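Residues per chain are reported as follows:
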Amino acid sequence: MKGVRKICMAFDLDDTLFKEREYVKTGWRAVAEAFYTFADMSAEELYNLMASAPDAFDALIAIPGIKSANLQIADFLGVYRAHKPTLTLPHDTELALHRLSERGVALAIITDGRTLTQRNKIEALGLDKFIPSDNIIVSEEVGADKLTPEPFKCLMTRQSADRYYMVGDNPIKDFYHPNLLGWTSIMLRDREGINVPSQSLDDKEPDYWPQIFIDNLTQLPDLCLPL
Ligand SMILES: [Mg+2]
């Protein structure tokens, strides 16, 4: 149909499509399950100890049984990063993606991190139901993170569109290159104050700022209109 333009909307993953804190918790549970026998406590007790410590892995390494088994933080990290998380897609995310799909918006994910870790999250959240595999860009897979323009350019070669949007939470890396590439940048505000990275814009140059602020992903379908 003439006059209808193709829109591509890319999302950051952590603290945008779901709260990274949920992943951190299931990671600690996996680590507790893997190492509790060394700690002379139950997996639940070990999880609670990690969850209440200023630094979960420092607390773990200080336990005598863990120390005498010569376990290292790298051992905990290996389990944490490779574990298959149990995650639920937030209702607002599901609703927004469903509505955007219905309107013919091409959806994508651009995320920094390890392939195994990020793909496990995407699978656990069921995001592959909404987003084709080719439109999922993980920094380790493309050899460049969002501090460079490469992941964004990579999406532009894979998904043609007349207009691109980037929706993210982190002003350090989610908006700068999209802004320079002529995309529309949107920041999901952290209303509950539980995001892992800070959202402070105070010390950021204007190019790092998002063009639009939202409080809920369900606001997105209306922002895409009129086509
Ligand atoms: Mg993020």
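Structure report, in brief. (Residues numbered from 1 in each chain as written. Predicted model: local features only at pLDDT ≥ 70, side-chain atom pairs only at ≥ 80, totals over all residues. Heavy atoms only, no water.)

### Remarks on the nonpolar core
Where we set the bar: In this description, a nonpolar core means a group of buried Ala, Val, Leu, Ile, Met, Phe, Trp, Tyr and Cys residues linked to one another through side-chain atoms lying within 4.5 Å. Partly exposed residues are those whose accessible area sits between 20% and 50% of the maximum for their type, while under 20% is buried and over 50% is exposed, using a 1.4 Å probe and protein chains only. Strands are runs of DSSP state E lasting at least two residues, helices are runs of H or I lasting at least four, and both sets are numbered from the N terminus onward. Segmentation of the chain into domains, including their bounds, is taken from an automatic or database domain assignment. Note on definitions: a residue-residue contact is assigned when non-hydrogen atoms from the two residues lie within 4.5 Å.
Grouped together as the largest cluster of nonpolar side chains are 47 residues, with contacts concentrated most on Met-9 and Phe-11. Counting residues per element, this core draws most heavily on helix α1 (residues 20-39), at 7 residues. Counting only domains with at least three residues in this core, you end up with domain 1 (7-18 + 88-223) and domain 2 (22-82). Once you skip the residues sitting within four places of it in the chain, Phe-11 turns out to touch Thr-16, Leu-17, Leu-97, Leu-100, Leu-107, Ala-108, Ile-109, Ile-110, Met-166, Val-167, Leu-217 and Leu-220.

### Thoughts on the pattern of salt bridges
Quick reminder of the rule: The term salt bridge refers to a side-chain nitrogen of Lys or Arg lying within 4 Å of a carboxyl oxygen of Asp or Glu.
Per the stated rule, a full pass over the model turns up 13 salt bridges. Salt-bridge contacts for Lys-121 lead to Asp-14; the nearest nitrogen and oxygen are separated by 2.7 Å. Separated by 107 residues along the polypeptide, Lys-121 in helix α7 (residues 115-125) and Asp-14 in the loop between β1 (7-11) and α1 bring together distant segments of the chain. Given the relative accessible area of 3%, Lys-121 is considered buried. Since its relative accessible area comes to 11%, Asp-14 is described here as buried. Note that Glu-141 is salt-bridged to Arg-119, the shortest N-O span being 2.9 Å. Placement of the pair is Glu-141 in helix α8 (residues 139-142) and Arg-119 in helix α7, with a sequence separation of 22 residues. On the basis of relative accessible area, Glu-141 is assigned to the partly exposed category, the value being 37%. Linked by salt bridges that have partners in common, Asp-12, Lys-146 and Asp-174 make up one network.

### Details of the coordination of the magnesium ion
To keep things clear, this is the line we draw: In this description, a donor is an N, O or S atom within 2.8 Å of the metal centre, a cutoff extended to 3.2 Å for sodium, potassium and calcium. Water is not part of the atom list, which can make sites seem incomplete.
Coordination of the magnesium ion by the protein comes from Asp-12 (OD), Asp-14 (O) and Asp-169 (OD), over a distance range of 2.1 to 2.2 Å. Between the donor residues of the magnesium ion, the gaps in sequence give the motif D-x1-D-x154-D. Linking Asp-12 in the loop between β1 and α1 with Asp-169 in the loop between β4 (163-168) and α10 (176-180), this pair joins segments that are 157 residues apart in sequence. In this pair, the class of Asp-12 matches that of Asp-169, namely buried.

### Quick notes on the packing of α1 against helix α5 (residues 73-82)
For clarity, the cut-off: Every axis corresponds to a line fitted to the C-alpha atoms, with the helix fit spanning only the stretch in contact, and the corresponding angles, defined between N-to-C directions, vary from 0 to 180 degrees. Orientation is classified from the angle alone, with under 35 degrees giving roughly parallel, over 145 giving roughly antiparallel, 65 to 115 giving roughly perpendicular, and any other angle giving oblique. Left-handed is the label given to a crossing in which the near helix is rotated counterclockwise from the far helix by less than a right angle, and right-handed is the label when the rotation is clockwise. For this scheme, ten residues count as nonpolar: Ala, Val, Leu, Ile, Met, Phe, Trp, Tyr, Cys and Pro. Four count as charged, namely Asp, Glu, Lys and Arg, and the remainder, Gly too, count as polar.
At a minimum axis separation of 8 Å, α1 and α5 run at an interaxial angle of 125°. Here α1 is positioned oblique relative to α5, judged by the angle of their axes. In the packing of α1 onto α5, the handedness of the crossing is right-handed. For the pair formed by α1 and α5, the contact residues are Tyr-23, Val-24, Gly-27, Trp-28, Ala-30, Val-31, Ala-34 and Phe-35 on the first element and Asp-75, Phe-76, Val-79, Tyr-80 and Arg-81 on the second. Per-class residue counts for the contact of α1 with α5 are 10 nonpolar, 1 polar and 2 charged.

### A look at the environment of Asp-55
Definition in use: Between N or O atoms, a polar contact is any pair within 3.5 Å; within protein, one atom must be a potential hydrogen donor and the other a potential acceptor, and residues adjacent in sequence are included only when both atoms are from side chains.
Residue placement: Asp-55 occurs in the loop between α2 (43-52) and α3 (56-61). The spatial distance from the C-alpha of Asp-55 to the C-alpha of Tyr-176 is 31 Å, given a sequence separation of 121 residues. Within polar-contact distance, the side chain of Asp-55 engages the backbone nitrogen of Asp-58 at 2.9 Å.

### Quick notes on the environment of Pro-210
Within the secondary structure, Pro-210 is located in the loop between β5 (184-188) and β6 (212-214). Considering only alpha carbons, one finds Pro-210 and Lys-84, 126 residues apart in sequence, at a separation of 33 Å. Apart from the residues lying within four places of it in its own chain, the contact partners of Pro-210 are Phe-175, Ser-185, Ile-186, Met-187 and Leu-201.

### Thoughts on the packing of aromatic side chains
Applicable threshold: Only the six-membered ring of Trp is used, alongside the rings of Phe and Tyr, when aromatic pairs are assigned; centres must lie within 6.5 Å, and planes under 30 degrees apart are stacked while those over 60 apart are edge-to-face, with the rest tilted.
Under the counting rule described, the total for this entry stands at 8 aromatic pairs. An angle of 40° between the planes, with centres 6.4 Å apart, marks the rings of Phe-35 and Phe-38 as tilted. Taken together, the residues span about one helical turn, with Phe-35 and Phe-38 both in helix α1 at a distance of 3 residues. On the basis of relative accessibility, which here comes to 7%, the residue Phe-35 falls in the buried class. Ring centres of Tyr-164 and Trp-183 lie 5.1 Å apart, and the angle between their planes is 20°; this geometry places the pair in the stacked category.

### A short note on the side chain of Ser-139
When you line up the elements, Ser-139 lands in helix α8. On the basis of relative accessible area, Ser-139 is assigned to the buried category, the value being 11%. The contact partners of Ser-139, leaving out residues within four places of it in the chain, are Thr-111, Asp-112, Gly-113, Ala-144 and Asp-145.

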